[in-house]
Each structure stands twice: as C-alpha cells, then as structure tokens.
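Report on the structure
What follows is each chain in one-letter form.
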Amino acid sequence: MKTLLQAAAALASGATTSQALTAHCLTRARADETSAFLTLDEAGALAAARASDERRARGGALGPLDGVPLSLKDNILTEGVVTTAGSRMLEGFVPPYDATVTARLKAAGAVLLGKTNLDEFGMGSSTEGSAFQKTRNPLDPSRTPGGSSGGSAASVAARLCFGSLGTDTGGSVRQPAAFTGLVGLKPTWGRVSRAGVVAYASSLDQVGPLAHTVEDAAALLSAIEGYDAADATSAQHPRTDLSSLKAGVEGLRVGLPKEYLVEGMDGEVAAGVRAAAETLKARGAVVREVSLPHTRFALAAYYVIAPCEASSNLGRYDGVRYGHRAQGARTLSALYEQSRAEGFGPEVKRRIMLGTFALSAGYADAYYRKAQQVRGLIRRDFDEAFAQVDVLLSATSPVLPWRLGEKLSDPLAMYLMDVLTLSCNLAGLPGLSLPCGRAVGGLPVGAQLLGRPFDEATVLRAAYALEQALGLDFAPVGGA
Ligand code: GLN
C-alpha cells in the first residue's frame, strides 16, 4: 500500500486498522536511513490511531483522512510536540498551540507521526542547512532530497507515511517533490492559513502538501484550505472545486515559457519536460510557447525580498521571549547578541545581514523598493501569459538531485537552483510539481505546472491527466 487514498480505502473496508497502519509506519520510521524525521511522536500517534479506530467501530462521524498516518515539516506548530524549525534557536521548544493546518488535519482524523527535517527556518534547497542532521534522498541515498522540505519529501518517498505538509517560500515543496518522485503543491498565497507556521518571508510563504499522487495532494489540500480568522492575510475564497479533476485536458491551453529553458539546464530535465508537453498535446491540449520577459530578474528580486522579510521576522528571537538564551550575558544587548550568535546558523545569519542591509536607510530605495517594483513586473508578465493560456508548463528544477555536500561551499550556486520555482511565489500563484520522466540512473525529473491565482483546480486537472498518461512509479532504495 502506497498512497493516501489506498490507505483510506483499506481503513474504510476494514482491511486494516489505523493502529496497525500506524505501528507499521512507526516501525519503518524507526529504521529509517534517510533521517527524514527530527521528532517521532510515537505515543501521540498511537493514541490518535486508537481514537480513530474507536470512532470507526462506534460508527461515529469520520473525517476524510481518518486514521491515515501523515508527517509535518518541523516549522509547523504542534501543541505539546517539539517544533524546532531546524534551528538551535528553537531546540526543545514545545508550542502551546497547534498551527491552523495542524488543527485541521487533526479535525480530519489524521494521525500525525512526527516532525520532519528542514533547512533552518526554511532557508535552503537541500535540507543540509538543518542544525541537526542531513536527510538523504530515498531514491539515491548519496543525493539530497531537495529542500527546504526535504524531510517531508523523504518521509513520504521512503514510505514512512502517506503524505506530508511542507512550506514553500521559493520552491521548498515543489523542488523536494521533484527530487524524490512525488507530487508537491504550493497553493495560491492566502489559500492556506499561515497561523502557527514559523515565519520565513511572510509575503511568499505558503503551506502545501507532498504526496504520491495528484489525488492524494488534492485530498490534503481539501483538508487544510480555507479562510482562517487567525491569519490576517487569509483569503475569503470558495474552496477548490475538484469535481473536474478527471475531466482531461481536451482544449486546455498550455503555455511553455521560453525564458524557463534556462542556460545550464540538464539535458534529461529538458527532455522530460518536452515529453510532458507532447503527452498533454496527444491528450488534446493546445500547447504553445509564451514569454515571461522579466524572468531574468526574478532570482535577484527574490533574494532581496526574502532576506528583508526574514530579517524582520527573525527579530523576535531575542533570547528573552522564547528560544535559545545565552548564559552569562551581563547587559541586555549582550544577551541579544550572544543568544542570536549562538542560536542561528550561518545561512540564517547571512540572510539576516543581507536583509538588514537592503532595508537600511539609504539602501532601501535601491534594493528593497526596486525588488518590489520588479515583483510587480513579474506579476504582470503572468497576467499577460494567462490571458493567452490556462496553465504554464516548465521544469521544476533545472537539474537532477545533486550529491550531498556538492553545493555547500557556494551559497550562490544553491540560490541559482531556485530559478524556476520562485517567480510563482513572487506572483502568489498556485504551482505544482509532478514526476514527468526518469533519468539515467533512475532519478526522477520534475515538471512544474503554474496556474492563475486560486485556480488550483485547473493545475490539478492538468497534473492528473499527465500523471495518468505517464504512469510513473518510483520506489525507495531497499524496497517499500
Ligand atoms: N531555496 C529557497 C530559499 O532558500 C526557497 C526556500 C523555501 O521555499 N522555503 O529561500
């Protein structure tokens, strides 16, 4: 059994119980060699499984995910269960409340197994930036699972659970999905509540599902989406209409942004995306080239805006209110300085310095304001493209999963890997990655589909058609 819907069906038919499924997942998770989890909440998971089985036995009301074991990225708050955001700053921090998405999964009946590894505060593309451990790619343990939601991706791809939630600020759900052969969805900004999610860059952050199939990802989206009064930026918008998920792509207009065929792109990645375009065409879609002329400025704009917002968001970690507190400081400013010097890792410090610089008097106009102007142009490019087509198709990452350690010494080389995913966040659009091919050596190639704001339905419909036509399946090393 692999998918979330299969697990839900097995529970519904009585072929298994939540306690049996949960025990199975926990056994696998304890033996996990990818280091996907930072914390396993065995007692909490087994108690939730028992409660689900009792609800079912009683004939009580069941949620859509009732009894299904899932995992959560460790920057999503879980009441009573340690949440670190991958940082020494929050080592041992036990949240007093659940994030809205956590509460919604619980309300849907899900069993939460534990918390998955990430780049510190979500800053990175390989999960090597965690303060605690490195996560391996279940499909090839010498390689990265991507990041920053690499632990979530590994937990699903290694079949330790049936789905996971990650967060995506510049690609952190889609790129790990691409690297591990999964489906990853970043919803429209505002579609899913950010309340109780450790903030990285608030105007870009969104929670999204990682799962084996498009239907699984859609089921997770349904469980977490919708207005939340606890998030001031939460959108009042109708829920995603999944009634046409399987309607096919006849007549669907698909755009291939010519600027997304970037220099240095891996040949096998380019071939996978071409094959995906041909497949959609064969199923009746109308495929044409489009232009997003300001794409070449997106990376620079993102790596100004994200650090600016991060430097502001991370101001709260002062050693006083919560998080790491330095010992032996004699003055208040020494307490701030030492706590932050000890609590934050090198990439986080780099981002804080970049952001503080770009926001400082005399530079804010040249950097922050300029980046915001570029952001407006990027959004306009998308508006113009979506006047001609219904979805955009590209690669998710320009390269295949790289070897652990390969890009660690060069932060800029790591930033460049986000070139195809971050415009989606700058414009607030929905974006999805799904496997579209298998490269030599068995590594997955990820295709990205982007849609109009709040048009997850069309993105999911195109993805479902592609998934069904391609029929790809990726198994972890060492078997399922
Ligand atoms: N790699 C990008 C960054 O470091 C995106 C990370 C993310 O989406 N959380 O900012």
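Residues numbered from 1 in each chain as written. Predicted model: local features only at pLDDT ≥ 70, side-chain atom pairs only at ≥ 80, totals over all residues. Heavy atoms only, no water.

**Quick notes on the pairing of strand β6 (residues 206-211)**
The two faces of a sheet get side chains in turn, since along a regular strand they alternate between them. Judged by how many residues are buried, β6 sits mostly within the fold: 6 of 6 residues are covered. Along β6, one buried face is formed by Gln206, Gly208 and Leu210 and the opposite face, lined by Val207, Pro209 and Ala211, is buried too. With 5 bridges connecting them, strand β4 (residues 164-168) and β6 associate as antiparallel partners. Note that in β6 the partner of leucine 165 across the bridge is proline 209. Sheet analysis places strand β5 (residues 183-186) next to β6, joined by 2 bridges and oriented antiparallel. Bridge pairing links valine 183 to alanine 211 in β6. (Buried < 20%, exposed > 50% of the residue type's maximum accessible area, 1.4 Å probe, protein only. Helix = DSSP H or I, 4+ residues; strand = E, 2+ residues; numbered from the N terminus. Pairing = 2+ DSSP bridges.)

**What about the side chain of aspartate 318?**
Within the secondary structure, aspartate 318 sits in the loop between α9 (298-313) and α10 (332-343). With relative accessibility at 11%, the residue aspartate 318 sits in the buried group. If near-sequence neighbours (up to four positions away) are discounted, aspartate 318 is found in contact with Leu335, Tyr336 and Ser339. (Contact = heavy atoms within 4.5 Å.)

**Brief notes about the packing of helix α8 (residues 267-282) against helix α15 (residues 456-470)**
Here α8 crosses α15 at 100°, and the two axes come no closer than 10 Å. Taken together, the axes of α8 and α15 lie roughly perpendicular to each other. Contact residues: α8 offers Ala276, Thr279 and Leu280, while α15 offers Ala462, Leu466, Ala469 and Leu470. Classifying every residue of the contact of α8 with α15 gives 6 nonpolar, 1 polar and no charged. (Axes fitted to C-alpha atoms, helices over the stretch in contact; angles between N-to-C directions. Parallel < 35°, antiparallel > 145°, perpendicular 65-115°, else oblique. Nonpolar A, V, L, I, M, F, W, Y, C, P; charged D, E, K, R; others polar.)

**A closer look at the site of the ligand**
Neighbouring the ligand are 15 residues; Thr169, Gly170, Ser172, Tyr200 and Tyr302 lie closest to it. Protein contacts shield 99% of the accessible area of the ligand, which totals 290 Å² for the unbound molecule. Looking at the shell around the ligand, its residues break down into 4 nonpolar, 8 polar and 3 charged. (Near = heavy atom within 4 Å. Areas by Shrake-Rupley, 256 points an atom, 1.4 Å probe, with all protein chains shown as cover.)

**A closer look at unusual backbone geometry**
Excluding glycine, residues mostly carry a negative phi; peptide bonds, for their part, are mostly trans. With an omega of 5°, the peptide bond between glycine 147 and serine 148 qualifies as cis. Relative to the helices and strands, serine 148 is located in the loop between β3 (111-116) and α5 (150-157). If you check the backbone angles, serine 35 has positive phi at about 60° while not being a glycine. One can find serine 35 in the loop between α2 (18-30) and β1 (37-40). Although it is not a glycine, phenylalanine 121 adopts a positive phi angle of roughly 55°. Looking at where phenylalanine 121 falls in the secondary structure, it is placed in the loop between β3 and α5. Classification of phenylalanine 121 as buried rests on a relative accessible area of 2%.

**Let's talk about helix α11 (residues 346-359)**
Helical geometry: 3.6 residues make up each α-helical turn, so side chains three or four residues apart lie on a common side. For α11, spanning 14 residues, the distance from its first C-alpha to its last is 20 Å, which sits close to the expected 20 Å at 1.5 Å a residue. Along α11, the positions that sit buried rather than exposed are Glu347, Val348, Arg351, Ile352, Gly355 and Ala358. Within α11, the buried residues cover an arc of 140° as seen down the axis, which keeps them to one side. Looking at α11, the residues exposed on the side facing more than 90 degrees away from the buried face are Pro346 and Met353. Considering only its buried residues, α11 is in contact with α9, α10, α12 (365-385) and α13 (411-416). (Expected span 1.5 Å × (residues − 1). Arc of directions from axis to C-beta.)

**Notes on the sheet that holds strand β9 (residues 391-395)**
Within the open sheet, the 11 strands sit side by side as β1-β3-β2-β4-β6-β5-β10-β11-β9-β7-β8. Their pairing is mixed. One side of each edge strand has no neighbouring strand; the edge strands of this open sheet are β1 and β8 (286-290). Geometrically, the sheet is characterised by an average inter-axis angle of 30° between neighbouring strands, direction not taken into account. Here α5 sits on the sheet and contacts β1, β2 (69-73), β3, β4 and β6; the angle it forms with β4, its principal contact strand, is near 150°.

**Structural notes on the nonpolar core**
Grouped together as the largest cluster of nonpolar side chains are 129 residues, with contacts concentrated most on Leu65, Leu70, Leu105, Phe121, Phe382, Leu392 and Leu393. At 10 residues, the largest contribution of residues to this core is made by α9. Here leucine 70 is in contact with Leu4, Leu65, Leu105, Ala110, Val111, Leu112, Leu113, Gly114, Cys161, Phe162, Gly163 and Leu220, once residues within four sequence places are set aside. Core analysis: the second largest hydrophobic core is formed by 6 residues, Ala178, Phe179, Val399 and Met417 among them. (Core = buried A, V, L, I, M, F, W, Y, C linked by side-chain atoms within 4.5 Å.)

**Some details on the pairing of β4**
Burial analysis of β4 places 5 of its 5 residues in the buried class, which makes it a mostly covered element. Neither face of β4 is open: one carries Ser164, Gly166 and Asp168, the other Leu165 and Thr167, and all of them are buried. Pairing between β2 and β4: 2 bridges, direction parallel. Looking at the pairing, leucine 72 lines up with leucine 165 of β4.

**What to know about a nonpolar patch on the surface**
There is a patch of nonpolar side chains on the surface, built from Val320, Leu332 and Tyr336 and spanning about 260 Å² of accessible area. Its location among the elements puts leucine 332 in helix α10. (Patch = residues over 30% accessible without salt bridge, like charges linked within 9 Å, V, L, I, M, F, W, Y side chains within 5 Å. Salt bridge = Lys/Arg side-chain N within 4 Å of Asp/Glu carboxyl O.)

**Some details on α15**
For α15, which comprises 15 residues, the first-to-last C-alpha distance of 21 Å matches the rise-based estimate of 21 Å (1.5 Å per residue) to within 8%. The buried fraction of α15 amounts to 12 of the 15 residues, a majority that puts the element mostly inside the structure. Every buried residue belonging to α15 is among Glu456, Ala457, Thr458, Val459, Leu460, Arg461, Ala462, Ala463, Tyr464, Ala465, Leu466 and Glu467, and all of these are buried. Two residues or fewer after α15 comes glycine 471, characterised by a positive phi angle close to 55°.

**Considerations on the pattern of salt bridges**
It is possible for side chains of opposite charge to pair when their charged atoms get near one another. One pass over the full model with this rule turns up 21 salt bridges. The closest approach of N and O atoms between glutamate 456 and arginine 191, which form a salt bridge, is 3.0 Å. Of this pair, glutamate 456 sits in helix α15 while arginine 191 sits in the loop between β5 and β6, and the two are 265 residues apart along the sequence. Across the pair, arginine 191 and glutamate 456 agree in class, each one buried. Salt bridges sharing common partners tie together Arg191, Glu225, Arg239 and Glu456.

Remember, this is a structural readout, not a statement about activity or role.
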